[in-house]
Amino acid sequence: MVDPPSTQEPNLAQAQAQDLLSEGFRAAETSTVYQDARHGLLDSEQQLSWYAGARSRASQLENRAQQILLAIRESERDDPELFGNMPSELIPDSNTRDMGGRFLINKPRIDQSKIFAMAQRMPKGCHLHIHFNCELPPEELLPRAASSSMQPFMCIRTTKPLMRPQDYADVEVVFSVIPKTTVKVDCFATSYNPDFKDKNNSPWMLWSDFRQRFHELAPADLGLEERPDGLDEAECWVREKMILTAHDVYGEGQTVNSAWACFNQGTRAFKGLVNYKSVYRWYVGAAIDSMIRDNVMYAELRPMLMDKSIPSDDGTLQIDLNAQMKIICEEVRKKQQQLQDAGKPDQFPFGLKIIYCTPRSIPRPKMQSELLDCLKLKLEFPDLICGFDLVGAEDRRNPISFYADLLVGFTETCKKLKISIPFMFHAGETLLDAGGTANPDNSNLYDALLLNCKRIGHGYALLKHPMLIEKYKQQNIALELCPVSNELLHLCGNAREHPFPALLAAGLHCTLNADNPGLYRGATHDSSSLSYEFYQVMVGDTRMNIHGWKQLAEWSIQHSCLAEAEIDRAMNIFAKDWDAFCHWVVSTYGQYADGLTKPDLSVAGTGGERPSQSSQVDALAIPQARHRLAAGLSVGVNGCEVTLEREIH
Ligand SMILES: O=c1[nH]cnc2c1ncn2[C@@H]1O[C@H](CO)[C@@H](O)[C@H]1O
């Protein structure tokens, strides 16, 4: 270590001091003391790192896969075709992008990335935080709503008549299956009355009629960002009401609250397109298929169960919660049988579980009846119901503490009934962190701890509470991180600003989750919701690596609600899949990675370990040079530095 200045010795006389400085000063004699101290510091940080276990157990194969992944990630960062936004005196080409920058802007580039292909292929363990209604995108739901069998029943209402062009931007839309006998109206008429609470008024228009009228009357320029194949203009317009568009998220003047309002409108639009009998049934299987394609082996889904029924396809019957849960069990069994028959029982061996969700905005008596309904459902479906959660924006009321006595009573009742329904509250998904009040003492992070949450949704704000971090670790509470969701809901600007590296470095067990993928993709469907999250953390932090990926997936298994024997089985399946994944990385990308410029891994130090000139030139100059040449500039290499000069014509 460098000695601190002594406070004991008297100052030198002025003349002596000036004498000493007259020749300036020299660097210290070559000594390894400083560099040894630095190495020691790095070593101890490495040993304490959150993925140290996974790394120390890594096979040669896995280490080779890591080397390949790193080389490709760093080359993609520099590649102007993909990202290539490099630091220099020149303003970067407007076609380049920051790797790890804004998700929706980067998404077309991400889809071409080899790191993303690896993220898709990697086994991910369990998906623990995904809202039921928003798993699949509008592109999958809208064709079903327009099918001939639903044509006489699928209806839409808008929050005001569609008259002026601005109305098309302003209105919210809601779908519902409505019986034939209900009066149907015209959302495009001046007389349209949107009031849905008035029993004497019908605000419903047949969706097929709406699409026809839309075709005739809608303004030519709706300012849509995308028009996916197979959707008509009305469907494209509705789709952008459902998802968070780049404008909703990144547009000038957008805020946390505007993004949340767009999000809430989107979820209300999804609700009617998912929740009717035939689609509900189809949806369960389709969601499992999509998870299998994403290499997820088990999931805990979060449906909002405060609404007690969904309609039959003709709107005349209501299917209650028990019947809905039965549909889920039947479809899971069907899927498992198909996998069994196809000789792939390990692809989705544990089925699904359900976390009962209810809004945090409801009055206390309603919460009491919700908790009771959850208990009853658990008794009916003991293997299906696995947790209880409060949902909704945390910058709005109520804080969890508002219901504390009811929630404690719920836990006591569970004990008496000898059942376990752990809390898995959304907590800390906020920058204000004051439970929707002006008082930070209402932060939900306190209550999530005191009420013994098994896991918490998000935990983004936990870094503000070092003492809570320690307690969360002691109580083994895992975090369900959702980096893409947090960016789109304005908690951070992009993946590189997300606090996941710090939460992990603090020693918290974290899992990765897609939250509401159907609403967040902002581009055509590709069944890769969780893959984007794994991709985002890989490009969001230079310290992330393949061992970190593995650790995150293993935690998702260990912190799931599976029984102990199932967790053991899941870990064995995962280990086998992980090995196959590493083989795939090496055989698919090994040669390619070997042909790339080596990433600059030199340690920039003096006193013996000066980085070799060639490694700096390799790693820094060549990608920049490639980029500059593309921009029509000349490149000169001068010693260790790269000199870039404008060509003078
Ligand atoms: O990130 C989130 N934070 C809080 N609430 C959410 C989030 N995503 C979805 N929901 C809410 O959960 C309900 C049921 O699943 C959805 O209807 C949505 O309003």
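Taking an unreviewed UniProt entry as the reference, the chain is identified by name as adenosine deaminase belonging to Recurvomyces mirabilis. A UniProt comment under Subcellular location (unreviewed entry) is attached to the chain, and it reads "Secreted". Quoted verbatim from the Cofactor (unreviewed entry) field of the UniProt record, the comment on the chain reads "Zn(2+)".

Peer 1: I would appreciate a short explanation of the environment of Leu449 in the present structure.
Peer 2: Relative to the helices and strands, Leu449 resides in helix α17 (residues 444-450). By relative accessible area, Leu449 is classed as buried at 6%. For Leu449, the contacting residues outside a window of four places in its chain are Leu468, Lys471, Tyr472, Gln475 and Ile477.

Peer 1: Just checking my understanding: could you explain the state of the cysteines for this structure?
Peer 2: A covalent bond bridging the sulfur atoms of two cysteines is what the word disulfide describes. Applying the stated criterion to the full structure yields 0 disulfides. No disulfide involves Cys262; its sulfur sits 14 Å from that of Cys134, the nearest cysteine. According to the relative accessible area criterion, Cys262 is partly exposed, its value standing at 21%. The thiol sulfur of Cys386 is not disulfide-bonded, and the nearest other cysteine sulfur, from Cys561, lies at 3.9 Å.

Peer 1: Explanation requested: the site of the ligand in the structure shown.
Peer 2: Near the ligand you find His131, Trp260, Phe263, Arg302, Met304, Val391, Gly392, His426, Glu429, His458, Asp515 and Asn516, and these make up its full shell. Arg302 is positioned such that a nitrogen or oxygen atom in its backbone is 3.0 Å from an oxygen atom of the ligand. Within the side chain of His458, an N or O atom sits 3.4 Å from an oxygen atom of the ligand. Classifying every residue of the shell around the ligand gives 4 nonpolar, 5 polar and 3 charged.

Peer 1: Help me understand the packing of helix α6 (residues 114-121) against helix α24 (residues 564-594), please; the structure alone is not making it clear to me.
Peer 2: Working note: a packed helix pair is described by the angle between its axes plus the distance between those axes. Look at α6 against α24: their axes get within 10 Å of each other, and the N-to-C directions meet at 165 degrees. Considering the angle they form, α6 stands roughly antiparallel to α24. The handedness of the crossing between α6 and α24 comes out as right-handed. Contacts between α6 and α24 involve Lys114, Ala117, Met118 and Arg121 from the first element and Phe581, Trp584, Val585, Tyr589 and Tyr592 from the second. Considering only residue class, the contact of α6 with α24 consists of 7 nonpolar, no polar and 2 charged.

Peer 1: Even after reading the chapter, I still don't get the pairing of strand β8 (residues 352-359), so can you show me in this structure?
Peer 2: For a regular strand, the rule is simple: side chains alternate between the two faces of the sheet. Across the 8 residues that make up β8, a large majority, 8, are buried. Side chains Leu352, Ile354, Tyr356 and Thr358 of β8 all project onto a buried face; the interleaved residues Lys353, Ile355, Cys357 and Pro359 project onto the opposite face, where all are buried too. Sheet analysis places strand β5 (residues 298-302) next to β8, joined by 3 bridges and oriented parallel. When the sheet's bridge partners are listed, Glu300 is paired in β8 with Lys353. Considered for its hand, the β-α-β crossover made up of β8, helix α15 (residues 364-380) and strand β9 (residues 385-391) is right-handed.

So, how was this worked out
Residues numbered from 1 in each chain as written. Predicted model: local features only at pLDDT ≥ 70, side-chain atom pairs only at ≥ 80, totals over all residues. Heavy atoms only, no water. UniProt positions renumbered as here; feature names shortened; annotations may be inferred. Helix = DSSP H or I, 4+ residues; strand = E, 2+ residues; numbered from the N terminus. Buried < 20%, exposed > 50% of the residue type's maximum accessible area, 1.4 Å probe, protein only. Contact = heavy atoms within 4.5 Å. Disulfide = S-S within 2.5 Å. Near = heavy atom within 4 Å. Polar contact = N/O pair within 3.5 Å; in protein donor to acceptor, adjacent residues only side chain to side chain. Nonpolar A, V, L, I, M, F, W, Y, C, P; charged D, E, K, R; others polar. Axes fitted to C-alpha atoms, helices over the stretch in contact; angles between N-to-C directions. Parallel < 35°, antiparallel > 145°, perpendicular 65-115°, else oblique. Left-handed = near helix turned anticlockwise from the far one by under 90°. Pairing = 2+ DSSP bridges. Right-handed = clockwise from strand over helix to strand, strands pointing away.

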